[in-house]
Amino acid sequence: SYYNNTGQFEKRGDAVTRAYRHSDRLSEVERHLTAAAYFGYGPEADDAKSLAAYQAALAIDSLNGIALNNAANLLGFTPDQETARKYYLRTAAQPDATPIAFQNAVQMTAFLGRHSEADSLHREFVRRFPTNAVALTQSITTAIQRREFDRAEELLREVMPRIANSRTVMTDAIGATADL
């Protein structure tokens, strides 16, 4: 959310609390997504309740990208990382998938050691978003996860001119390779 991305956490909590109070006006899927946000970011933070709400939304709409991605984000911090990977893959497989869907799918797949699958996802990420700075740097992250540090450093040098306009991505890429 805007408030989350700009560090305005008090406003974020107020906004999600207001939305939760008025969730009776929403569709069933929207109510579940609102409850998930409330339990994820509101004053009664509870990851289990947030995940349950995302899964309730998925029971109604199994391809809901918000529910898939955010449930996967929560599952990624649990022993059920395989389900997180499957949710990320379902999100990335949709025709209107966003770059973040691909980024998350590639990262989790590589983290779980499925390197050829991560490579395939990364190629599709770059094909669909050829100018996206994260798509261009994702191979650096996967090289690091494989412990291919020389390759990661080489990839960083290759992509730096192409990501120079994205200070955040450039900083992340440099930070990821700082200790190589």
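Computed from a prediction, not measured in an experiment: that's the story for all the values here.

(A) Structural context of the nonpolar core. Within the largest apolar cluster, 33 residues are counted, with the highest numbers of intra-cluster contacts made by Leu 33, Tyr 54, Ala 67, Tyr 87 and Phe 102. Of all the secondary-structure elements, those providing two or more residues to this core are helix 3 (28-41), helix 4 (47-60), helix 5 (65-75), helix 6 (81-92), helix 7 (99-111) and helix 8 (115-128). With seven residues, the single largest contributor to this core is helix 3. If we skip the residues at most four places from it in the chain, Leu 33 touches Tyr 54, Ala 57, Asn 64, Ile 66 and Ala 67.

(B) Summary view of the environment of Asn 73. Along the polypeptide, Asn 73 turns up in helix 5. Under the relative-accessibility criterion, Asn 73 is labelled partly exposed at 29%.

(C) Local environment of unusual backbone geometry. Notably, Arg 147 is not glycine yet its phi reads approximately 65°, a positive angle. Mapped onto the secondary structure, Arg 147 falls in the loop between helix 9 (133-145) and helix 10 (149-163). With a relative accessible area of 62%, Arg 147 lands in the exposed category.

(D) Seen up close, the pattern of salt bridges. A full pass over the atoms with the stated rule returns nine salt bridges. Taking the shortest distance from any N to any O, the salt bridge between Glu 117 and Arg 114 comes out at 3.8 Å. With a relative accessible area of 26%, Glu 117 lands in the partly exposed category. Arg 151 is paired through a salt bridge with Glu 158; the nearest N and O atoms lie 3.9 Å apart. We classify Glu 158 as partly exposed; its relative accessible area is 47%.

(E) Region of interest: the packing of aromatic side chains. The final tally for this structure, using the stated rule, is six aromatic pairs. Considering the side-chain rings of Tyr 20 and Phe 39, the 5.8 Å spacing of their centres and the 70° angle between planes classify their relative orientation as edge-to-face. Here Tyr 20, found in helix 2 (residues 9-21), pairs with Phe 39, found in helix 3; they are 19 residues apart in sequence, far enough to count as distant. Judged by its relative accessible area of 11%, Phe 39 is buried. A centroid spacing of 5.2 Å and a plane angle of 75° characterise the contact between Tyr 38 and Phe 39, whose relative ring orientation is edge-to-face. We note that Tyr 38, like Phe 39, is buried. Members of the aromatic cluster, joined through ring pairs, are Tyr 20, Tyr 38 and Phe 39.

Parameters at a glance
- Residues numbered from 1 in each chain as written.
- Predicted model: local features only at pLDDT ≥ 70, side-chain atom pairs only at ≥ 80, totals over all residues.
- Heavy atoms only, no water.
- Core = buried A, V, L, I, M, F, W, Y, C linked by side-chain atoms within 4.5 Å.
- Buried < 20%, exposed > 50% of the residue type's maximum accessible area, 1.4 Å probe, protein only.
- Helix = DSSP H or I, 4+ residues; strand = E, 2+ residues; numbered from the N terminus.
- Contact = heavy atoms within 4.5 Å.
- Salt bridge = Lys/Arg side-chain N within 4 Å of Asp/Glu carboxyl O.
- Phe/Tyr/Trp six-rings, centres within 6.5 Å; stacked < 30°, edge-to-face > 60°.

The quantities given are spatial measurements derived from coordinates; they are silent on function.
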